[in-house]
Amino acid sequence: MPRSKRFRRARLLVIVLVVLLVAGSAGGGWFAVHTVRASFPQLDGTVKVAGMTSPVDVKRDAKGVPQLYADTSEDLFRAQGYVQAQDRFWEMDVRRHVTSGRLSEMFGDGQVETDSFLRTMGWRKVAQQEFDTQLSADTKKYLQAYSDGVNAWLAEHPGGSSASLEYALLGTVNGDYKPEQWTPVDSVAWLKAMAWNLSGNLQEEIDRSLLAQDFSAEKIEQLYPPYPYDRNGTIVKTGKVGPDGTYRPADGQTTAAPAAATGQARAATASLLTDVADRMATMPQLLGRQGQGIGSNSWVVDGKHTTTGKPLLANDPHLGPANPSIWYQMGLHCRTTGPACGFDTAGFTFAGMPGVVIGHNKDVAWGFTNLGADVTDLYLQKVTGPDTYLVDGQERKFETRKETIKVAGGEDRTIVVRTTDRGPLISDKSTEQQNVGKYAPADSAPDRAGGYGVALQWTALIPGRTMDAVFKLNQASNWDQFRAAAADFAVPAQNLIYADTKGNIGYQAPGMIPQRTKGDGRYPAPGWDSSYGWKNEFVPFKSLPYVLNPAEGYIVTANQAVVDPSYKTLLTTDWEYGTRAKEITDQITDRLKNGGKISPDDMKVIQLDNTSVMAKTLVPLLLKVRIDDPYVREAQDLLKDWNFNQDADSAAAAYYNGVWRQLLTLAFGQKFPAGLRAEGDCLLVRQKSADMLPQDDLNDNPVVTVCGTRDPGQAQPDGGDRWTEVVRRLLAQPDSPWWEYKDSNRQARKGLGNLLAEALKNARQDLTARLGKDISTWSWGRLHTLELKEQTLGSDDSSIASGLVHRLLNRGPYRLSGGTAAVNAAGWNAAAGYQVDWIPSMRMVVDLSDFNASRWINVGGASGHAYHDNYDDQTALWQKGELLAWPYSPDQVDQATKHRLTLTSG
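Residues numbered from 1 in each chain as written. Predicted model: local features only at pLDDT ≥ 70, side-chain atom pairs only at ≥ 80, totals over all residues. Heavy atoms only, no water.

Focus: the packing of helix H20 (residues 651-667) against helix H22 (residues 752-771)
Next up, step 1: The N-to-C vectors of H20 and H22 enclose an angle of 125°; their axes lie 8 Å apart at closest approach. The orientation of H20 relative to H22 falls into the category oblique. Between H20 and H22 lies a crossing whose hand is right-handed. Residues Ala654, Tyr655, Gly658, Val659, Arg661, Gln662, Leu663, Leu666 and Ala667 of H20 form the contact with H22, whose own contacting residues are Leu755, Leu756, Glu758, Ala759, Leu760, Asn762, Ala763, Arg764, Asp766, Leu767 and Arg770.
Next up, step 2: In terms of residue class, the contact of H20 with H22 is made up of twelve nonpolar, three polar and five charged. (Axes fitted to C-alpha atoms, helices over the stretch in contact; angles between N-to-C directions. Helix = DSSP H or I, 4+ residues; strand = E, 2+ residues; numbered from the N terminus. Parallel < 35°, antiparallel > 145°, perpendicular 65-115°, else oblique. Left-handed = near helix turned anticlockwise from the far one by under 90°. Contact = heavy atoms within 4.5 Å. Nonpolar A, V, L, I, M, F, W, Y, C, P; charged D, E, K, R; others polar.)

Quick word on the environment of Ile627
Next up, step 1: As for its position among the elements, Ile627 is in the loop between helix H18 (613-624) and helix H19 (630-636).
Next up, step 2: In the structure, Ile627 is positioned 130 residues away from Ala757 in sequence and 7.0 Å away in space, judged by C-alpha atoms.
Next up, step 3: Leaving out residues up to four positions away in the same chain, Ile627 has contacts with Val632, Arg633, Gln636, Ala757 and Leu760.

Notes on the sheet that holds strand S18 (residues 494-500)
Next up, step 1: One open sheet holds the eleven strands; their spatial order is S1-S34-S2-S3-S8-S9-S10-S11-S18-S19-S21, and the pairing between them is mixed. Taken across any chain shown, the strands that pair with only one partner, and hence form the sheet edges, are strand S1 (45-49) and strand S21 (546-548). Across the sheet, the mean angle from the axis of one strand to that of its neighbour is 20°, orientation sign disregarded.
Next up, step 2: In the sheet, strand S11 (residues 364-370) pairs with S18 via seven bridges, with the strands oriented antiparallel. Across the sheet, Ala365 pairs through a bridge with Ala499, a residue of S18.
Next up, step 3: With respect to the sheet, helix H3 (residues 73-99) is in contact with S1, strand S2 (56-60), strand S3 (66-70), strand S8 (328-334), strand S9 (344-349) and strand S34 (899-905), its orientation differing from that of S8 by roughly 155°. (Pairing = 2+ DSSP bridges.)

Side note on the state of the cysteines
Next up, step 1: Across all of its chains, the model carries two disulfides by this definition.
Next up, step 2: The disulfide bridge from Cys334 ends at Cys341, spanning 2.0 Å between sulfur atoms. One disulfide, between Cys334 and Cys341, carries an S-S torsion of -80° and so falls in the left-handed class.
Next up, step 3: Take Cys334: its relative accessible area is 5%, and that puts it in the buried class.
Next up, step 4: Covalent S-S linkage joins Cys682 and Cys707, the inter-sulfur distance amounting to 1.9 Å. Its S-S torsion of approximately 105° makes the covalent link between Cys682 and Cys707 right-handed. Separated by 25 residues along the polypeptide, Cys682 in strand S23 (residues 682-686) and Cys707 in strand S24 (residues 703-707) bring together distant segments of the chain.
Next up, step 5: Taking the relative accessible area as the measure of exposure, Cys682 reaches 38% and is therefore partly exposed. (Disulfide = S-S within 2.5 Å. Buried < 20%, exposed > 50% of the residue type's maximum accessible area, 1.4 Å probe, protein only.)

With respect to the environment of Ala653
Next up, step 1: With respect to the secondary-structure elements, Ala653 resides in helix H20.
Next up, step 2: Note on Ala653: relative accessible area 0%, which makes it buried.
Next up, step 3: When the C-alpha positions of Ala653 and Gly819 are compared, they lie 9.7 Å apart, and in sequence the two are 166 residues distant.
Next up, step 4: Contacts of Ala653, omitting those with residues within four sequence positions, involve Trp642, Asn645, Gln646, Asp647 and Trp780.

Okay, here's the thing in structure tokens:
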């Protein structure tokens, strides 16, 4: 008989209190110590691992980072699976339940909606197809060996507190749960989670459609301005695609910046797309929030321009914060490289996935940033019945399948997934029916009777060979092999940068990028019209941009445009706007003036650049605003001598960002529909009837309170790079309608000067409430804080127990420098507050002259076990911008080794 909820809750409280006792004191008794330490990994001695053909050495440094040494590739990956399970199995187990849509099996009925959405997309189903039909025989062998290693560890730790503290906590509410065996498909499916968070403009597609309720196409275009090619440039100088479809890099001549084209909006049903956005917001944020803002920096400088005489390569991917950290540092070494064992690589990978994702081997180094290619399209489908939808005036049958969701402590749920020829219907909300919005798109829509649905077409739902690419990257020894690996990198589409020990540097854009038959992907397309869709062939790899050894001697990628519009193949219309890229480029070129050279320390300093580029434009205007109130003027004066650096201890940075947030709220947030504004952001507005057009007069309608409905982390205006470009352009139009606003007395005002004055006043009041009246005590870090949260347990703050769980597993808050569009991209959403919600999730600087001189840092630690010494021992160093030594050669690894474990045949 299941134990009562009261009993389970009491047991949870006892466990939490015992662990807090041991964490807070040197004593605590054998039971308390055992509760915390039972799952800590064995670090020394010998362990038998089934399947090993020869011993594997596991050498860990003081930070717990493992370097593995084996005689065969399969033993190497078998050991990788075992060691990652030692440190991170709980994280791995939760991740595979995410990607397979089985969270309800662990956590109960609160996860049914999330599981339903994930099952509808079918991540696990596609991963199985990839493994069965796409991956090479070697890749399958490595995946199986990795799985065998995980399962060897799992056989020793079948569940409960011996596996991790989280399992002990989970047992208080789901005592029947036991982890299953790991499979190769569990590893492959993680690539779908990566692709989801880095999948381009899906959120922008929805947002533009929601804006179309209230704004004209011209106004929406002002909120999505063209990319500033003339000011911020592109990753590579745009080459040409020859008659045979092969891309040829430019000859080094500067390409003129052509005018960007504008598209025409199509108004879509608000309730339907808001529902889809809400469902997307329920997704676990394993890598961060989907959509714009998730970016990265990487750059490489050739040896002619470095103090070392060989290339230097830097990378810091910007992802959502989490505890344990997203990345896992590791070295994978064959004692002798050859046919039997072909790996000698080190870098960052994900727990649950074999190989190294970002790093270097003995010949080459590589880094990633998000390409941002538009690889997702939404289609509004005319649903004519439970089994049919309309295309070109003819009914077609959905492809259907049933999915059973098992629920811990509850009854199974069965859903029916309906799939169109463009992809799954992601707007379905019930088992066999859907409830969609009442209003269809404005142009040439079929009869509204019966309703509409939204289908998702996405490259990650097509089987690919990205797992092959990972292993090929790990073994690449030159540019040609690097490009061959990139050719298999299907999703997520990334900017790949390259350097080798011979002095070469390069860039390659890979990925499955669709070619559309009609439209540009900026708005949901009419699914009832077959002329909209994707061609049968993706952009051929040979046609994608690349460059080897550019004349400048460096390559910068920071999610800016790859090429200008003279490259006729559409990659996306939603690039990041290049602020970080230009700042990095300017810092490099400044150091190279008059024959200067870039040092490894320079690479680190650039990574930590906190400059607010927008402040350089906006602050002079703010200082010109006449402020009569001495209380507000005192704060305004903080900006007079500010150097535009967003350091954690800067009062001026705090006030500037407060003003920036208020400016965005007044100019844009006040005008946005509820579907874009954050939950709890309530405004008094005149009620609008559902059939009104944007130009209709509202003056006769009653005033009502309308609160935002969007998850705060995805609300708009978020203040990111796009918004700096929007405001920059509008500053040249002081009488723009966007500068019309309601003041604190709800009085209508207009004009840029008045709005800036209101923003200065409101920011003074907001920061006083948050930081106190005495501005000498203000600092950006007091507002701009990071909390590293465990992503699965303890998310319900209404529960006393969950608050205690937070204390067990979360870390922080940490006061951070940086900002959203700064190179040191500690991002925050201006529509929600100042809390940090994406970060440089790791930093690395690779020195191709001596790999042992390379440096790296992780935001958290190697261990996923709370209260282990390596759980968060890198966080304080990361916060300060420090980097750790990164030993690579066997002698340097031996010198750094603190623990040595040998895995032998079982």
